[in-house]
Amino acid sequence: MPGGMRTFEQVKSGLSPFLTCLLLSLPLVLLLGYGLLEQGGIELGLKALVAPTPQESRELLLHYAWWPRLAVSLLAGAGLAMAGVLMQQVLRNPLASPTTLGVAAGANLALMAATLLAPGLLALGREWVALAGGGLAMALVFLLAWRRGLAPVVVVLAGLVVNLYLGALATALLLFNHELLSGLLIWGAGSLAQNGWNGAATLWPQLAIGAVAALCLLRPLAVLELDDASAKSLGVSLKALRLAGLGLAVFLTGSVVSVVGIIGFIGLAAPNIVRLAGARRLGQRLLWGTLLGAVLLATTDLLLQHFTGMLPTLVPTGAVTGALGAPLLMWLIPRLKLQANRAPQPAAVLANRHAAPARPTIVLLIALLLAVGLGLLLGQGADGWYWLAPHDWSVMQWRVPRVVAAAASGLMLAIAGTLLQRLSGNPMASPEVLGVSGGCAIALMLGIFLMPAPSSGTLVVVGTLGALASLLVLVALNRRSGFVPERLLLCGVAIGALFDAVRSVLLAGGDPRGQQIMAWLAGSTYYVDLTSALAMGLVAATLALLVQPLARWLDILPLGAPTALALGISLSRARLVLLLLVALLTACATLMVGPLSFVGLLAPHLARLIGLSRARHHLLGAALVGMLLMVLADWVGRQAIFPYEIPAGLVASLIGGAYFMWGLRRL
């Protein structure tokens, strides 16, 4: 009987991914046939593919635009999915994707820099500039993680920091050179438009080489499913194996990004969908994930082409991929079988416990007070630098709201990030990954674009409703499972993909209001008044106090479900309460100054770096770091290029990211 059960499970595991890919391929077949009928019929389409008549414009259009676009979409989807499978295997993280190591961000920044500073380089080929930028970003990640043997936790953290850091630089360039760089917004959102077979001819040999290399690495990479000690006992060089797997994934990602731009959701969704369908072994996930990635991207692009004429603006394929793939992933997530009771694996590599935690806490507090004094009293005017008298309210009334808003937002996002990382044990977890800030941002952006001259109060209500809607989706999808951390994060990623899609569509349309949205997305305190800032500070202090009694949960939950249950903790209730607090903290901060994702990721890790590992100390240290980072960033943003300003969120990313990379290099 047990042998029969194993056979049944093996057959089920082999058939389920096949049936999933088959069912998801049906829309592709229908859209392919319909698209050919729209272009003049299937027979004409096939003739145009093989031997087009030079005098027939319709056949030439099919041969040099329609068919190449289909080929590139299939190749790009397959390459991104293959890279996603490899990254998730090497990094042991279901949230890893082709954008994890900063390749896409590096390519995007390289193109922007070349456009502004060295346009002659673009004559060599845009794809080579993008590939060089992605390669340099990958090299930086490997440099940061090399001393730790490319340990998955350190690689993930280094990749996230590099990705966010390069993204902040690109956003800064875009804010101050919006007209010159607006064309790159479409490429950055993933455009599959083709004018010949050059893209397909470039991609297919590179992907073929990548597929052969993946087959050669199939058995060695399967060893990474074991823990490090077991793998080393087999005589495996983990550093070499991780370098080979990640290097191959980066090569595949760079090849695709250099041709079609940034399409971020396929590499995350396809591997997880086939895993949900039962593809457990690496070989199965590579095969079915690659096929499904090709199907998902090609289906999305054909659907987009069908509706292009009905849309008022150009919509990039990458944005639509996220918009359509996110609901599919959310539908499949409740069917994911996860081990709800296993112990999370915290970022122990960074957990250096300080013998006297009060010392670094006092140092952080003094630094925060100095930063507040700097933000309030020192500034520039028409005659240069000057110290402001504390009673000079004519200027102080503008500075106080910004300092208070910056400190409050840093406090809330830092605590939210700490809660989420300790709850999930995932170093990639940060407030925006939960999806609440994404839902809030979607609602606010739609309110700005769809409502005639909305007031600040109206936008607050709209943003709150968006955050609540995201929270309801999270609770509905995870209530029966007991709020398993991995499933929560996957749901948040799906909501985040919708946010990225809406943002890409709105910014690529060229609407003048996009500049205002970009400033808000970058974390701006421009529009905060005194009443709003004080209310925000009160809310932040209240929520921070509510978190303190939960420190015992945060110390025990990382030990695993059996230990938590033995100590009388209800896992479902504890996870739900912590999730609600994360959502509230994130929504309040997002409503005021935008989705400052980097602070919630960075502050908890910086607190760990200085030795604050116990929950109560960790929360306090992260809160002080978050406030210090945001207050200092707001002041630097106001003074660096006076009289112009850089949004505080961007400055926080640049300052904190540089320090974080330095800290990782010293590990």
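Heads up: the structure comes first, above all this text.
None of these values were measured; they are calculated from a predicted model.

**Q** What is the right way to read the overall build of the protein chain from this model?
**A** Along the backbone of the protein chain there are 27 helices and 2 strands. The proportion of buried residues among the 667 residues of the protein chain is 55%. Considering only contacts in the protein chain between residues 6 or more positions apart, those separated by 24 or more positions represent 78%. By element, 68% of the accessible surface of the protein chain is carried by carbon and sulfur atoms, the whole surface being about 27700 Å².

**Q** Is there a simple way to think about the environment of R479 in this case?
**A** Here R479 is to be found in the loop between α18 (456-478) and α19 (485-508). Relative accessible area serves as the criterion here: at 55%, R479 is assigned to the exposed category. Taking the C-alpha atoms as reference, R479 lies 8.2 Å from S572; in sequence the two are 93 residues apart.

**Q** What is the right way to read the packing of helix α4 (residues 103-117) against helix α11 (residues 238-260) from this model?
**A** Between two packed helices, both the angle of their axes relative to each other and the distance between the axes serve to describe the pair. In the contact formed by α4 and α11, the axes pass within 9 Å of each other and the chain directions differ by 40 degrees. Here α4 is positioned oblique relative to α11, judged by the angle of their axes. α11 is crossed by α4, and the crossing has right-handed handedness. Residues V103, A104 and A107 of α4 lie in contact with α11, whose contacting residues are V250, T253, G254 and V257. Of the residues in the contact of α4 with α11, the class split is 5 nonpolar, 2 polar and no charged.

**Q** Would you mind showing me how to read the packing of helix α12 (residues 266-276) against helix α13 (residues 282-307) here?
**A** Look at α12 against α13: their axes get within 8 Å of each other, and the N-to-C directions meet at 130 degrees. Comparing their axes, α13 and α12 come out oblique. Handedness of the crossing formed by α12 with α13: right-handed. The segment α12 lies against α13, with I266, A270, I273, V274 and R275 engaging R285, W288, G289, L292, G293, L296 and L297. Tallied by class, residues from the contact of α12 with α13 come to 8 nonpolar, 2 polar and 2 charged.

**Q** So what exactly am I meant to see when it comes to the packing of aromatic side chains here?
**A** How two aromatic rings sit relative to each other is set out by the distance from centre to centre and by the angle between their planes. Counting across every chain of the model gives 3 aromatic pairs. On the numbers, 5.0 Å between centres and 90 degrees between planes, the contact of W66 with W67 is edge-to-face. Classification of W66 as buried rests on a relative accessible area of 7%. Residue W67 is classed as buried on the basis of its relative accessible area, which comes to 11%. Ring centres of W385 and W635 lie 6.1 Å apart, and the angle between their planes is 45 degrees; this geometry places the pair in the tilted category. Taken together, the positions of W385 in strand β2 (residues 384-387) and W635 in helix α26 (residues 615-639) put the pair 250 residues apart, joining distant regions of the chain.

**Q** I would appreciate a short explanation of helix α8 (residues 198-216) in the present structure.
**A** Because the α-helix completes a turn every 3.6 residues, residues three or four places apart line up on one side. Here α8 spans 28 Å end to end across 19 residues, near enough to the 27 Å set by a 1.5 Å rise per residue. Among all positions in α8, only G199, A200, L203, Q206, L207, G210 and A214 are buried. In an axial view of α8, the angular spread of the buried residues amounts to 150 degrees, which keeps them on one side of the axis. Turned more than 90 degrees from where α8 packs its buried face, W204, I209, V212, L215 and C216 sit exposed. Tucked into the core, α8 has its buried residues touching α3 (57-91), α9 (218-222), α11 and α13.

**Q** Please explain the pairing of strand β1 (residues 378-381) as it appears in this structure.
**A** The two faces of the sheet receive side chains in turn, since in a regular strand these alternate between them. Direction of pairing for β1 relative to β2: antiparallel, over a ladder of 4 bridges. Looking at β2, one finds that Q380 is bridged to W385. What sits between β1 and β2 in their antiparallel hairpin is a turn of 2 residues.

**Q** In this structure, what is going on with α26? I would like to understand it.
**A** Under the 1.5 Å per step criterion, the end-to-end length of α26 is 36 Å for 25 residues, consistent within 8% with the ideal 36 Å. By the criterion of burial, α26 is predominantly enclosed, with 20 of the 25 residues buried.

**Q** How should I be thinking about the nonpolar core in this particular structure?
**A** Side chains that are nonpolar tend, in soluble globular proteins, to be buried together. Core analysis: the largest hydrophobic core is formed by 172 residues, its most contacted members being L101, I415 and L419. The residues touching I415, leaving out its near neighbours within four places in the chain, are A544, V547, L585, L619 and A623. Counting 11 residues, the second largest nonpolar core, distinct from the first, contains L28, L62, L70 and A298.

**Q** Got a minute to help me understand unusual backbone geometry in this structure?
**A** Most peptide bonds take the trans form, and the phi angle of most residues other than glycine is negative. Here F642 and P643 are connected by a cis peptide whose omega angle stands at 10 degrees. With respect to the helices and strands, P643 occurs in the loop between α26 and α27 (648-665).

Rules behind the numbers
- Residues numbered from 1 in each chain as written.
- Predicted model: local features only at pLDDT ≥ 70, side-chain atom pairs only at ≥ 80, totals over all residues.
- Heavy atoms only, no water.
- Helix = DSSP H or I, 4+ residues; strand = E, 2+ residues; numbered from the N terminus.
- Buried < 20%, exposed > 50% of the residue type's maximum accessible area, 1.4 Å probe, protein only.
- Contact = heavy atoms within 4.5 Å.
- Areas by Shrake-Rupley, 256 points an atom, 1.4 Å probe, with all protein chains shown as cover.
- Axes fitted to C-alpha atoms, helices over the stretch in contact; angles between N-to-C directions.
- Parallel < 35°, antiparallel > 145°, perpendicular 65-115°, else oblique.
- Left-handed = near helix turned anticlockwise from the far one by under 90°.
- Nonpolar A, V, L, I, M, F, W, Y, C, P; charged D, E, K, R; others polar.
- Phe/Tyr/Trp six-rings, centres within 6.5 Å; stacked < 30°, edge-to-face > 60°.
- Expected span 1.5 Å × (residues − 1).
- Arc of directions from axis to C-beta.
- Pairing = 2+ DSSP bridges.
- Core = buried A, V, L, I, M, F, W, Y, C linked by side-chain atoms within 4.5 Å.

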